[in-house]
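Examining the three-dimensional arrangement
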Amino acid sequence: MLHPLFTPEHEEFRVTVRAVVESEVAPHALDWEREAHFPDWVFKRLGDLGLLGLRYPAEYGGQGGDWGHAIVLAEEMARCGSAGVGMAVAVQSEMATPPILKFGTEEQKQRYLVPAIRGEKIACLGISEPDAGSDVAGISTTAKREGDGYRINGRKTFITNGARAHFCLLVTRTDRNAGYEGFSLFLVDTDLPGFSVSRELNKLGMRSSDTAELALDDVLVPSSALLGEDGRGFVEIMWELQGERLIGAAGSVAGAWLVFDRTLRYAKERTAFGSSIGTFQVNRHKFATMATELEAARQLLYDTALAWERGEYPVKEISMVKLYAGEVVNRVVNECLQLFGGYGYATETGIERAWRDSRLLRIGGGTDEIMREVISKAMGL
Ligand SMILES: Cc1cc2nc3c(=O)[nH]c(=O)nc-3n(C[C@H](O)[C@H](O)[C@H](O)COP(=O)(O)OP(=O)(O)OC[C@H]3O[C@@H](n4cnc5c(N)ncnc54)[C@H](O)[C@@H]3O)c2cc1C
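Residues numbered from 1 in each chain as written. Predicted model: local features only at pLDDT ≥ 70, side-chain atom pairs only at ≥ 80, totals over all residues. Heavy atoms only, no water.

Observations concerning the layout of surface pockets
In this approach the atoms are scanned with a rolling probe the size of a water molecule, which exposes any empty space left behind. Here the second largest pocket is characterised by a volume of approximately 400 Å³. Looking at the lining of the second largest pocket, its residues break down into 8 nonpolar, 2 polar and 9 charged. Here the lining of the second largest pocket gathers at least three residues from each of two domains, domain 1 (8-121) and domain 3 (234-378). (1 Å grid on protein atoms, 1.4 Å probe; cavity = no way out; pocket = protein on both sides within 12 Å on 5 of 7 lines; lining within 4 Å. Points joined across faces, edges and corners; volume = space filled by probe spheres on them. Nonpolar A, V, L, I, M, F, W, Y, C, P; charged D, E, K, R; others polar. Domains from an automatic or database assignment.)

Structural notes on the packing of aromatic side chains
Here the structure, examined in full by the defined rule, presents 15 aromatic pairs. Look at Trp-67 and Trp-308: their rings are 6.1 Å apart centre to centre, the planes differ by 80°, and that puts the pair in the edge-to-face class. One end of the pair, Trp-67, is in helix α4 (residues 67-77); the other, Trp-308, is in helix α9 (residues 281-309), and 241 residues separate them in sequence. By relative accessible area, Trp-67 is classed as buried at 2%. Directly above the aromatic system of Phe-6 lies the positively charged group of Arg-14, at a separation of 5.7 Å from the ring centroid. Here the guanidinium or amino end of Arg-164 rests over the ring plane of Phe-38, the centre of that ring lying 4.2 Å away. (Phe/Tyr/Trp six-rings, centres within 6.5 Å; stacked < 30°, edge-to-face > 60°. Helix = DSSP H or I, 4+ residues; strand = E, 2+ residues; numbered from the N terminus. Buried < 20%, exposed > 50% of the residue type's maximum accessible area, 1.4 Å probe, protein only. Lys NZ or Arg CZ within 6 Å of the ring centre and 35° of its normal.)

Some thoughts on the nonpolar core
The biggest cluster of nonpolar side chains holds 91 residues, and the ones touching the most others in it are Trp-67, Ile-71 and Val-85. No other element matches helix α8 (residues 233-269), which puts 15 residues into this core. Those residues in contact with Val-85 that lie beyond four places of it in its chain are Val-25, Trp-32, Phe-38, Val-42, Met-77, Cys-80 and Ser-208. (Core = buried A, V, L, I, M, F, W, Y, C linked by side-chain atoms within 4.5 Å. Contact = heavy atoms within 4.5 Å.)

Some thoughts on the pattern of salt bridges
Under the defined criterion, the tally for this structure stands at 26 salt bridges. Among the ionic pairs, Glu-352 bridges to Arg-356, the shortest N-O distance being 2.8 Å. Here Glu-352 pairs with Arg-356, and both are found in helix α12 (residues 351-358), just 4 residues apart, close to one helical turn. Under the relative-accessibility criterion, Glu-352 is labelled buried at 13%. Among the charged side chains, a network of salt bridges with common partners joins Glu-11, Arg-14, Arg-18, Glu-75, Glu-76 and Arg-79. (Salt bridge = Lys/Arg side-chain N within 4 Å of Asp/Glu carboxyl O.)

Some words on the environment of His-10
Looking at the secondary structure, you find His-10 in helix α1 (residues 8-25). Residue classification places His-10 among the buried residues on the basis of a relative accessible area of 3%. Through-space distance from the C-alpha of His-10 to that of Val-72 is 7.4 Å; in sequence the pair is 62 residues apart. Sequence-distant contacts of His-10, defined by excluding residues within four places in its chain, comprise Leu-5, Asp-66, Gly-68, His-69 and Val-72.

What about empty space enclosed by the protein?
This model, assessed by the stated rule, comprises 1 cavity of 30 Å³ or more. Roughly 40 Å³ of internal volume is contained in the largest cavity. The wall of the largest cavity is formed by Val-20, Glu-24, Val-25, Trp-32, Trp-41, Val-42, Arg-45 and Leu-46. No other element matches the 4 residues that helix α3 (residues 41-48) contributes to the lining of the largest cavity. Of the residues in the lining of the largest cavity, the class split is 6 nonpolar, no polar and 2 charged.

A few points about the domain arrangement of the chain
Split by domain assignment, the chain resolves into domain 1 (8-121), domain 2 (124-232) and domain 3 (234-378). Relative placement of domain 1 and domain 3: their C-alpha centres are 22 Å apart. If you look at the interface, domain 1 gives 21 residues, while domain 3 gives 21 residues. Of the roughly 1,800 Å² buried between domain 1 and domain 3 on both sides combined, carbon and sulfur atoms contribute 74%. Together, Trp-67, Ile-71 and Met-95 form the three largest contributors to the area buried by domain 1 at its contact with domain 3, with a combined 34%. Scanning the region where domain 1 abuts domain 3 turns up 0 salt bridges. Taken together, domain 1 and domain 3 are joined by 3 residue pairs in polar contact (both at pLDDT 80 or more). Elements that contribute at least two residues to the side of domain 1 that touches domain 3 include exactly α4, α5 (83-95) and α6 (98-103). Here the residues of the side of domain 1 that touches domain 3 are counted per class, giving 12 nonpolar, 2 polar and 7 charged. (Buried area = accessible area lost by both parts, 1.4 Å probe. Polar contact = N/O pair within 3.5 Å; in protein donor to acceptor, adjacent residues only side chain to side chain.)

So, in structure tokens, the structure goes:
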């Protein structure tokens, strides 16, 4: 039964994307995991195939699709065997660029959005700082008016695609005394004087994606680099985070389903004490619980994406999706590793990679605790 988020056309699209992922991306996944890097041609290739502009209008090179298409892509990318690739692609097309379409000028769309959709320019999103992650309003990167432009100073960290991006959607403070009205977004070319990658971070999972700390020292940008309205950056970046949370959850839930399916097959084949391990009641019940929770996470995700697609702004529900998906995915992948026994712990099955990758959903784009803050505030608490 198709969820109303999808039509038969989405399912045809799914078949096409799956073939691309399995034939062109998956064969390299193990190498990219080992090298902790995947090559830039992946962006170009996906751009050529139209996969980086699914929800963007045709006039900018996009496919004119919807959230159903974006979720299909995130789900199918989970099949490539390296979640870091899916995350980097999602940063490109569903995190760093939607604000350009929504808030950008025509010139900004031509200069950044069009080449990003083609995969010719790589984008990153700079919100988090060494001293402020969850507390976005606590950032200290400043953009001060100077002549016909702004002078930007600050540090950003944990920035996906940051080591290779051509431009960064940067969150700054333009007025320290204006509270939530004192933030502004900028589109900053990474080759500008004063912009540098101060270091790359090694990490537990999502290993094929690069994660950088960025330094901005007296970076001068013209006023045309301001994205959206001066002083509206906080509200604008909160809007961006909603899409980021949905798409992150979509990839992770799909990845957990894959691990679940593999583990189910394994539990039917692997024997101990004369029976397949899946027939032991304790394990049968584990599978029943895992499938129920994963399905609940998936349905909540689809329902919420549909509400967003229909024009609602379901902040509370998106936070619920991210919170619930993060917890379920981690529970499921952890149980699956247990069911695989020693083979789950060994790198050869790929289960330990999924276990490491899945941990991020409870942290990146807003932690479990911050999701609970948003949900409880929406209840008036
Ligand atoms: C692999 C990876 C990729 C990332 N990619 C990007 C990116 O591309 N761009 C970007 O800008 N950022 C990125 N991030 C950063 C990510 O969004 C932050 O790590 C996240 O928002 C948490 O911020 P923090 O790490 O500073 O933790 P902190 O904010 O320091 O939080 C530490 C702990 O305190 C808890 N805490 C904080 N406030 C509260 C509260 N009010 N109540 C209860 N508990 C609280 C948190 O939940 C957490 O458990 C990435 C992170 C990782 C690990």
